[in-house]
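Coordinate analysis (summary)
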Amino acid sequence: MATAPTYYIKTYGCQMNERDSEIMAGQLDQIGYQASPTDADADLIIINTCAVRGSAEDHAFGYIGQLKQMKDSHPDLQLAVAGCMAQEPGTVAWIKRHAPHVDLVFGTHNLHELPRLLDEVSEHDETVIEVWKSAGDVVEHLPSHRNDGVRAFVNIIYGCDKFCTYCIVPFTRGKERSRELRLVVDEVRALADEGYQDITVLGQNVNSYGHDLDPVLDLADLLESLASIDGIRWLHYITPHPRDFSQRLIEAIAQSQKITHHVHLPVQAGSNPILKRMNRKYTREGYLDLVSRVKKAIPDVSLTTDIIVGFPGETEDDFQQTLDLVRTVRYDAAFTFIYSPREGTPAARWEGRDPVPNPIKKDRLNRLMELQYQISLEANLNMLGKTEVVLVEGLSRKNPNVWAGRTQSNKVVLLDRDPAVDLIDRFVPVRIEQAKTFYLSGCQAGAPLSGPAPRRRIELPLM
Ligand code: SAH
Ligand code: SF4
Ligand code: F3S
């Protein structure tokens, strides 16, 4: 009997891309492929790309270039480019010109067509390009190949209609489309039956969940329904947007032990003129009011954010307002980015006229990171002496005598390991004894919480 063809999927970008890769893998399993642990001996390599910043694109372009050699020595190897870059006309033109060794390009809206497209590839010599410009209806009941373990991702809303002026996502992911609540609940119930206990619901903008459904729903309705499912211990949601963060949601989070008390509120900038030009549709004052309502309702909240520096026309005074906002809110952590022009977006045109010079962009990023690292350390120092439940994910990358995991509010925790006891996928109480900028460490402070037996044996290093 011939051996099954193998596949390897390289995923860049956000958790929505990771989830898409699980769905590609599920479809490939169903048509008889087998997953390969590396690209070296795969018969099919799919590059699931991200277009959010130039750096993400450069990584993918580099990898596509590298694969040319592999293809030269294995002419039967099939290469496919998928994901957000595939939705950009510029990428398709680049592949035609510089990477004719790519066999297939397919977009984010026609993921479900993968099996048919692979058939088409075997009938054609030229690159098969199938990129739908806009999204059709949500396709349900696709097979998927999830990671083992107790954590699972579940899509709840696709696309984004917010059109922030710097952002490519509305162009690569299309308009907002929510999944029916009943279907999400069924999926999570089935996951709970399989032993998954930590669920992350996904969308580019989860706070818009349900606004397009009839009757209209709020994200709080969905999270409360999911929290009532037996076996589900923790619920996370990414990515939220400050604009539609309802008071009802704040209260639902505050009252729930299952919904994470980690609230990610991407602010992007601290100055009103920049927020306006970014089309974020909130003001500094409105945002700070939201933060204080969140802090009041959820005293143990862990707040994080995303910030862009060097947006076209950003002055030193605008930037000072960002620093000032960071000092006021005191985030537990922040993801900080240098503005990257994205072709076709309004801000990319302004970048042509009124760019912040590169050295200034870098200097602002450094100053912002320095401030945030200091605040992150202080926030972590506040955790000393507390006992937190930690979901152990694997061995520490740096030290195999140490376990690494996360708290419900997403803080990384290291704990000493007794090699005779396997704690992977267990929820373990840990007393926090040391605090650093990016992680906490401590020692086990009791037996793992009771629950279903762990589901996996693979040890994944975390940090
Ligand atoms: N939907 C999410 C963001 C998804 S993209 C939201 O609105 O919060 C993740 C982060 O990437 C954004 O929050 C933003 O900080 C950053 N980002 C998006 N486009 C960018 C660009 N053109 N340049 C630099 N950073 C960008
Ligand atoms: Fe991009 Fe704005 Fe949509 Fe977030 S809300 S994905 S930043 S357009
Ligand atoms: Fe990147 Fe697309 Fe996600 S642009 S951040 S992979 S939605």
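Here's a quick rundown of the structure. (Residues numbered from 1 in each chain as written. Chains lettered and ligands numbered in written order. Predicted model: local features only at pLDDT ≥ 70, side-chain atom pairs only at ≥ 80, totals over all residues. Heavy atoms only, no water.)

Moving on, we come to the overall build of the chain. If you tally the helices and strands in the chain, you get 13 helices and 19 strands. Rg of the C-alpha trace for the chain: 23 Å, near the compact-globule value of 23 Å for 463 residues, within the 12% margin. For the chain, the spread of C-alpha atoms along the three principal axes comes to 60 × 60 × 50 Å. For the chain, the proportion of its 463 residues judged to be buried stands at 53%. A separation threshold of at least 6 residues defines the contact pool for the chain, and within that pool the share at least 24 residues apart is 73%. Working note: accessible area of the chain is about 20700 Å², and carbon and sulfur atoms make up 51% of it. Charged side chains in the chain number 51 positive and 63 negative. The centres of these two groups are separated by 5 Å. (Helix = DSSP H or I, 4+ residues; strand = E, 2+ residues; numbered from the N terminus. Rg over C-alpha atoms; globule rule 2.2 N^0.38 Å. Buried < 20%, exposed > 50% of the residue type's maximum accessible area, 1.4 Å probe, protein only. Contact = heavy atoms within 4.5 Å. Areas by Shrake-Rupley, 256 points an atom, 1.4 Å probe, with all protein chains shown as cover. Lys, Arg positive; Asp, Glu negative; His and termini not counted. Charge placed at Lys NZ, Arg CZ, Asp CG, Glu CD.)

Moving on to the site of ligand 2. Ligand 2 sits among Cys-160, Lys-162, Phe-163, Cys-164, Tyr-166, Cys-167, Val-169, Pro-170, Gln-204, His-241 and Arg-280. Of the residues contributing to the shell around ligand 2, the split by class is seven nonpolar, two polar and two charged. (Near = heavy atom within 4 Å. Nonpolar A, V, L, I, M, F, W, Y, C, P; charged D, E, K, R; others polar.)

On to unusual backbone geometry. In this structure, Pro-215 follows Asp-214 across a cis peptide bond, with omega equal to -5°. For the bond running from Ile-238 to Thr-239, omega is -5°, close enough to zero to count as cis. The residue Thr-239 is located in the loop between strand E11 (234-238) and helix H8 (247-255) in this model. Of note, His-141 is a non-glycine position whose phi angle comes to about 60°, a positive value. On the secondary structure map, His-141 appears in the loop between strand E6 (128-130) and strand E7 (151-155). If you check the backbone angles, Phe-163 has positive phi at about 50° while not being a glycine. Of note, Phe-163 is situated in the loop between strand E8 (157-158) and helix H5 (169-173).

Of the strand pairs in this sheet, strand E15 (residues 387-395) and strand E18 (residues 427-435) are connected by five bridges, and their pairing is antiparallel. Considered in E18, the bridge of Leu-391 is made with Phe-427. Where E15 and strand E16 (residues 402-407) come together, five bridges link them in antiparallel fashion. Note on E16: the bridge partner recorded for Leu-391 is Arg-406. (Pairing = 2+ DSSP bridges.)

In this model, helix H6 (residues 181-193) (13 residues) spans 18 Å end to end at C-alpha, consistent with the 18 Å of a helix rising 1.5 Å per residue. Inspection of H6 places Leu-183, Val-184, Val-185, Glu-187, Val-188, Leu-191 and Ala-192 among the buried residues, and these make up the whole buried set. Lining the buried residues of H6 we find helix H1 (15-30), E7, strand E10 (198-202) and helix H7 (219-227). Just downstream of H6 lies Gly-195, where phi reads positive at about 105°. (Expected span 1.5 Å × (residues − 1).)

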